[in-house]
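# Structure assessment
Next come the chains, spelled out residue by residue.
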Amino acid sequence: MERKAVRKLDYTVLPVMAMFYLLSFLDRSNIGNARVAGLQKDLGLTDRQYQICVTVLYVPYIAAELPANLLLRRIGPRLLMPTLLTIWGVMVTLQGLVTSYAGLITVRAFLGLVEGPMFPGIVLYLSGFYTRSELSLRLVYTALSGAFSGLLAAAIENMHGVGGRPGWAWIFILEGLFTVLVGLSGYFLVPSTPRDSRFLTPEQKDLIMDRLERDRPSIRPSDTFSFNEIFQSLRSPHVIAVFVMFFMIGTNLYGLALFLPSIVNQLGFSPSKSQLLSVGPFAAGFFVTLISAFWSDRYQSRGITNALIATLAVAGYSLYFGAKDKFVAYGALYLMVPGVYATAPVLGAWMANNSEPYYRRATSIAFGFIATNSGGILSTWRFPTKEGPKFRKTTIMNLTFSCLVVVGSLLNVVYLTWKNKSKARPGHREKMLAKYGNEKESDGGLEAWMDLGDRHPDFRYAL
């Protein structure tokens, strides 16, 4: 009965969230495909101006992430998430109508403002539907967006000249209009909580909530916002460790998302072939992401899995750096992309798993993606055309970051193992819960869980 209820969530909630994030990443990174299709040339942009157009999206994007996550419960996912998606679909469509640098930079800034809340919101939202051990596998759709982006761009680019508009403009227009349609349908498809689902029976709703409360008692919406929860999140060493790793992964991830078609093009392939050749590495990334997320959930191993994935990136960047042949360099992308993209769901689940209660978790998730997108800002300035196709300085930086992710993952596992062992020491539980005891509940019950959160002696950190 419980498994059937979870499968029903997989069939009704997960596809909607997968499509939301797919469009989020697609609409954010399709400027890389549009560049190969002629956007930079047609608008007369210098490399610096193009980089500014890419960068300007991330400033409001980052600024919106934390406030939106803290407001998600109050406004309600059913209203907030479809509204954001619909508005940014309009912004993406408008990108196809711009005729100048000023117009493009303006639209990109507004696009960042409405796109920023989506992925941290999705991670927070899904953490209210699935247990901690199930979350990583439900976040595997990130790498698939890159494959779709290349395929769609290659097809849409053939519309060059239709309606008097260039092919790159149609990439924005068609993808933007589809996003608007999905956003409008979201008002009818997104339940705010499991109890609001139209597809679960009353018994299944009770089962889902019971299993969530067993997994984390603080899942009950009985806490209120406090700035102390933000402070508690920021002072947690494991949150800081994942924050740093998110920054390094974000730098590598957005570098590949935004510039991989250009990198392939500079290796010596034609623009149309470059769009198609960019599909393969992202498709490989999706399958590695799927396998690693399954492994991570099945064996409850976040840090070790993340370290193993990042080792692929180390191998890929090393091979790319030393490659003398363009086909060898292209082949290295099949290690680089999976080694970067597959870490995102595991890190996202790791951050969500180890912060409680709700507002502390919301803060930690938001800060994780603030770090990711700060890395995105750095990446936009690391691929000047004159340094292509090898981009030696950037490749060395990305290789270093990948090595540090391996080391950081393992060190965080050691730290969290120590924390779990400390909680299991004799007398520790009684000491921590002494001030919360009362006549009805000697261990303080829900009050202790809401106050202590992940520091509660019965809470075990995911490794």
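This text goes with the structure placed above it.
Before going into details, it helps to say that this report is about the structure given with it. (Residues numbered from 1 in each chain as written. Predicted model: local features only at pLDDT ≥ 70, side-chain atom pairs only at ≥ 80, totals over all residues. Heavy atoms only, no water.)

What follows deals with the overall build of the chain. If you tally the helices and strands in the chain, you get 21 helices and zero strands. On C-alpha atoms alone, the chain measures out to a radius of gyration of 22 Å, which is about the 23 Å that the 2.2 N^0.38 rule sets for 463 residues. For the chain, the spread of C-alpha atoms along the principal axes amounts to about 75 × 45 × 40 Å. Among the 463 residues that make up the chain, the fraction classed as buried is 60%. (Helix = DSSP H or I, 4+ residues; strand = E, 2+ residues; numbered from the N terminus. Rg over C-alpha atoms; globule rule 2.2 N^0.38 Å. Buried < 20%, exposed > 50% of the residue type's maximum accessible area, 1.4 Å probe, protein only.)

Another aspect to go through is the side chain of E115. Assignment of secondary structure puts E115 in helix α6 (residues 101-115). Judged by relative accessible area, E115 falls into the buried class, the value being 0%. Within the structure, the side chain of E115 is placed 3.3 Å from the side chain of R28, a separation counted as a polar contact. Among all residues touching E115, those that are not within four sequence positions of it are S24, D27, R28, Y61 and W88. (Polar contact = N/O pair within 3.5 Å; in protein donor to acceptor, adjacent residues only side chain to side chain. Contact = heavy atoms within 4.5 Å.)

So, on to the packing of aromatic side chains. Under the counting rule described, the total for this entry stands at 25 aromatic pairs. An aromatic cluster of at least three residues, connected via ring pairs, comprises Y21, F25, Y58, Y61, F119, F246, Y254, F282, Y341 and F369. The ring of F459 carries R132 above its face, with NZ or CZ at 4.5 Å from the centroid. For K390, the ring lying beneath its charged end belongs to Y320, and the centroid distance is 5.8 Å. (Phe/Tyr/Trp six-rings, centres within 6.5 Å; stacked < 30°, edge-to-face > 60°. Lys NZ or Arg CZ within 6 Å of the ring centre and 35° of its normal.)

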